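Chain and residue survey
In case you want the letters, here they are:
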There are 2 protein chains.
Amino acid sequence: MSEHDAGFKAALEEAKQGASEGGIPIGACLVSKEGKILGRGHNMRIQKKSATLHAEVSTLENAGRLPASAYEGATMYTTLSPCHMCTGACILYKLSRVVMGENNTLVGGEETLKRAGVELVNLKNAECEALMKKFIEEHPDDWLVLMRGYEDIGEPPKKGTE
Amino acid sequence: MSEHDAGFKAALEEAKQGASEGGIPIGACLVSKEGKILGRGHNMRIQKKSATLHAEVSTLENAGRLPASAYEGATMYTTLSPCHMCTGACILYKLSRVVMGENNTLVGGEETLKRAGVELVNLKNAECEALMKKFIEEHPDDWLVLMRGYEDIGEPPKKGTE
Ligand SMILES: [Ca+2]
Ligand SMILES: [Ca+2]
Ligand SMILES: [Zn+2]
Ligand SMILES: [Zn+2]
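Predicted, not measured: the structure shown is a model, and the values here were computed from it.

Within chain A one finds seven helices and five strands. When the helices and strands of chain A are read in sequence order from the N terminus, they spell out α-β-β-α-α-β-α-β-α-β-α-α. Out of the 162 residues in chain A, the part that is buried amounts to 60%. At a minimum sequence separation of 6, the contacts of chain A that also span at least 24 residues come to 53%. Of the roughly 6700 Å² that chain A leaves accessible, carbon and sulfur atoms contribute 51%.

Further remarks concern the confidence of the model for chain A. All names here are of chain A. In this model, chain A carries a mean pLDDT of 89, and residues with pLDDT of at least 70 account for 88%. Contacts of residues 149–162 to residues separated by more than four positions or lying in other chains number 44 contacts, the stretch itself having pLDDT below 50. Interface confidence in the predicted complex, given as ipTM, is 0.89; pTM for the same model is 0.90.

Once that is clear, we can look at the packing of helix 4 (residues 84–92) of chain A against helix 4 (residues 84–92) of chain B. The contact between helix 4 of chain A and helix 4 of chain B brings their axes to 7 Å, and the two run at 170°. On the basis of the axis angle, helix 4 of chain A is roughly antiparallel to helix 4 of chain B. Where helix 4 of chain A approaches helix 4 of chain B, its residues A:His84, A:Met85, A:Gly88, A:Ala89, A:Ile91 and A:Leu92 are matched on the opposing element by B:His84, B:Met85, B:Gly88, B:Ala89, B:Ile91 and B:Leu92. Residue composition of the contact of helix 4 of chain A with helix 4 of chain B, grouped by class: eight nonpolar, four polar and no charged.

Turning our attention to unusual backbone geometry. Residue A:Lys124 is not a glycine yet carries a positive backbone phi of 45°. Residue position: A:Lys124 is located in the loop between strand 5 (119–122) and helix 6 (126–138).

Summarizing the sequence annotation, UniProt attributes the feature "domain: CMP/dCMP-type deaminase" (unreviewed entry) to residues 2–120 of chain A in the numbering used throughout. A helix fraction of 36% and a strand fraction of 18% characterise residues 2–120 of chain A, whose end C-alpha atoms lie 13 Å from each other.

Let us now look at the sheet that holds strand 3 (residues 75–78) of chain B. Residue and element names in this part refer to chain B. Spatial strand order, 2-1-3-4-5: five strands in an open sheet with mixed pairing. Strand pairing shows two members of the sheet lacking a second neighbour, strand 2 (37–42) and strand 5 (119–122), which therefore form its edges. Each strand of the sheet is rotated relative to its neighbour by a mean of 15°, with strand direction disregarded. The sheet contact formed by strand 1 (residues 27–31) and strand 2 spans five bridges and is antiparallel. By the bridge assignment for strand 2, Gly27 is matched with His42. Along the sheet face, helix 2 (residues 55–63) touches strand 1, strand 2 and strand 3 and points at about 135° away from the line of strand 2.

The next point concerns the pairing of strand 5 of chain A. Side-chain positions along a regular strand alternate between the two faces of the sheet. Residue and element names in this part refer to chain A. Two elements, strand 4 (residues 97–100) and strand 5, share four bridges in a ladder whose sense is parallel. The partner of Val99 across the bridge, within strand 5, is Val121. Crossover connection from strand 4 via helix 5 (residues 110–115) to parallel strand 5: handedness right-handed.

What follows concerns the pattern of salt bridges. Residues and elements named next belong to chain A. Evaluation of the coordinates by the stated rule reveals 14 salt bridges over all chains. Glu137 is the salt-bridge partner of Lys133, the closest N and O atoms lying 3.1 Å from each other. Placement of the pair is Lys133 and Glu137 together in helix 6, with a separation of four residues, close to one helical turn. Overall, Lys133 belongs to the exposed group, its relative accessible area being 52%.

The strands making up a sheet are joined through hydrogen bonds of the backbone, oriented either antiparallel or parallel. All names here are of chain A. Judged by pairing direction, the sheet is mixed, and its five strands sit side by side in the order 2-1-3-4-5 without closing on themselves. The sheet is open, and its two edges are formed by strand 2 (37–42) and strand 5, each paired on a single side. If you compare each strand with its neighbour and ignore which way they point, the axes differ by 15° on average. Across the sheet, helix 2 (residues 55–63) touches strand 1 (27–31), strand 2 and strand 3 (75–78), and the angle it forms with strand 2 is around 135°.

A word on the environment of A:Met44. All names here are of chain A. Looking at the element boundaries, Met44 is found in the loop between strand 2 and helix 2. C-alpha of Met44 to C-alpha of Ile26: the two residues are 18 residues apart in sequence and 9.2 Å apart in space. Residues in contact with Met44, not counting those within four places in the same chain, are Glu21, Lys49, Ser50, Leu53 and Ser58.

All names here are of chain A. In a regular helix each residue adds 1.5 Å, so 15 residues correspond to 21 Å; helix 1 (residues 6–20) covers 21 Å between its end C-alpha atoms and thus fits that length. Considering only its buried residues, helix 1 is in contact with strand 1, strand 2, strand 3 and helix 6. Positive phi shows up at Gly22, right after helix 1, with a value of about 80°.

How each quantity is defined
- Residues numbered from 1 in each chain as written.
- Chains lettered and ligands numbered in written order.
- Predicted model: local features only at pLDDT ≥ 70, side-chain atom pairs only at ≥ 80, totals over all residues.
- Heavy atoms only, no water.
- Helix = DSSP H or I, 4+ residues; strand = E, 2+ residues; numbered from the N terminus.
- Buried < 20%, exposed > 50% of the residue type's maximum accessible area, 1.4 Å probe, protein only.
- Contact = heavy atoms within 4.5 Å.
- Areas by Shrake-Rupley, 256 points an atom, 1.4 Å probe, with all protein chains shown as cover.
- pLDDT = per-residue confidence, 0-100.
- Axes fitted to C-alpha atoms, helices over the stretch in contact; angles between N-to-C directions.
- Parallel < 35°, antiparallel > 145°, perpendicular 65-115°, else oblique.
- Nonpolar A, V, L, I, M, F, W, Y, C, P; charged D, E, K, R; others polar.
- UniProt positions renumbered as here; feature names shortened; annotations may be inferred.
- Pairing = 2+ DSSP bridges.
- Right-handed = clockwise from strand over helix to strand, strands pointing away.
- Salt bridge = Lys/Arg side-chain N within 4 Å of Asp/Glu carboxyl O.
- Expected span 1.5 Å × (residues − 1).

Structure (structure tokens):
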């Protein structure tokens, strides 16, 4: 597992796509045991005013309704340590591995993933962290995680700011 | 917490609505600390070929993008014990309580919810259980939980059956 994996590159591209849309720059990509990209996506909280379309949930949603066998041995690449919901989604689908870009911005449900037997890899990627740092500096009210301890539960946009 | 709660009635109505659409009959409703219905929804796996729109996720999505304060003290009513993803969603949003209709059909992430300090109530409601029993009998291939141990990861519909 490395920054050269196609799944990681796709997740990072998704994060950048999110940034270019004014969204929270978190991307993800689901890769099958055989190395096939099953789905990819990015956080849509701001773009769709969505409470649930985090990068990993968007990715599973974009992958569509698959048979359980499709998820066997699969890896979820995500640019940031997955929150509790996305952690639970990876456990629901019995993914084998979660590869995260970084967890300096926040630590999500890593202990829960380990308890469930999901392999965890942290690529400690500087670009993923820089994308989040820039976003938080520019949109402090959309990222209250430092105060609240969980992912992207921002206050709704102020009237007239969008 | 009882079957007479507006939140439970709404969740059960949603489950029946799902059944009437040919979907998996699981409904949910999110109720604020003050007793206001913030959102409601039902499982859309079959209707939208969705891998993530479980009843509780649909409910959070339908409630929209709310400030963190809106979830404080809130209760998620759901007709069935929440799966790991929906468990994680309730933990992400720091809900105070999960009230389930039943857990005879399956036991989801109840231990994880308890560990996170979420209050759990089981109403042991016969109607919720009967809806699921009927669905599973009529659509065995859409509900492989008994074999696989988790919620509604069915095989995709066979060609020509929809
Ligand atoms: Ca804002
Ligand atoms: Ca079927
Ligand atoms: Zn998440
Ligand atoms: Zn669920």
